Amino acid sequence: MVSDPFSLAAGRYKVTATIESTSDISFFICHLLGPNNLDEILFNEYAEQSGTWTLSTVVTLDEGGEFFLQVENTDFPWQVQFEPL
């Protein structure tokens, strides 16, 4: 699944994902796609029980532009937020 496009300026961001796992074994793989063929794995996580999971990482973008999220191996609700640092 690929998200709608969104804009980010160049800079450093804290990226937080919240997932609502509905099964005992869940995977959450999330790529950030962007300018100049950017394809960076933000999350590659394995959850061993159902429930709400919060994940975070930091990413530095050398240039701003239009970005997308590509999420794999998930059939549950998720949300990703970018917070400038």
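Scope of this entry: the structure provided in the associated data block.

So, how was this worked out
- Residues numbered from 1 in each chain as written.
- Predicted model: local features only at pLDDT ≥ 70, side-chain atom pairs only at ≥ 80, totals over all residues.
- Heavy atoms only, no water.
- Helix = DSSP H or I, 4+ residues; strand = E, 2+ residues; numbered from the N terminus.
- Contact = heavy atoms within 4.5 Å.
- Phe/Tyr/Trp six-rings, centres within 6.5 Å; stacked < 30°, edge-to-face > 60°.
- Buried < 20%, exposed > 50% of the residue type's maximum accessible area, 1.4 Å probe, protein only.
- Polar contact = N/O pair within 3.5 Å; in protein donor to acceptor, adjacent residues only side chain to side chain.

### Some details on the side chain of serine 3
Then, number 1: Checked against the element boundaries, serine 3 lands in the segment before β1 (6-8).
Then, number 2: In this view, serine 3 contacts Phe68 and Leu69; residues no more than four positions away in its chain are not counted.

### Focus: the environment of serine 26
Then, number 1: Looking at the secondary structure, you find serine 26 in strand β3 (residues 26-34).
Then, number 2: Taking the C-alpha atoms as reference points, serine 26 and glutamate 40, separated by 14 residues in sequence, lie 21 Å from one another.

### Observations regarding the packing of aromatic side chains
Then, number 1: Counting across every chain of the model gives 6 aromatic pairs.
Then, number 2: Their ring planes at 40° and their centres at 6.1 Å tell us that phenylalanine 28 and phenylalanine 43 sit as a pair that is tilted. Of the two residues, phenylalanine 28 is situated in strand β3 and phenylalanine 43 in strand β4 (residues 38-47); the sequence distance between them amounts to 15 residues. As far as the burial class goes, phenylalanine 28 and phenylalanine 43 line up, both buried.
Then, number 3: Ring geometry for phenylalanine 28 versus tryptophan 78: centroids 6.3 Å apart, planes at 55°, classification tilted. Taken together, the positions of phenylalanine 28 in strand β3 and tryptophan 78 in strand β7 (residues 78-84) put the pair 50 residues apart, joining distant regions of the chain.
Then, number 4: The exposure class of tryptophan 78 is partly exposed, given its relative accessible area of 23%.
Then, number 5: Grouped by ring-pair contacts, the aromatic residues Phe6, Tyr13, Phe67 and Phe82 constitute a single cluster.

### Comments concerning the environment of aspartate 39
Then, number 1: Mapped onto the fold, aspartate 39 is located in strand β4.
Then, number 2: Through-space distance from the C-alpha of aspartate 39 to that of glutamine 70 is 9.3 Å; in sequence the pair is 31 residues apart.
Then, number 3: Those residues in contact with aspartate 39, other than ones at most four positions away along the chain, are His31, Leu32 and Leu33.
Then, number 4: Here the side chain of aspartate 39 touches histidine 31 through a polar contact of 2.8 Å, side chain to side chain.

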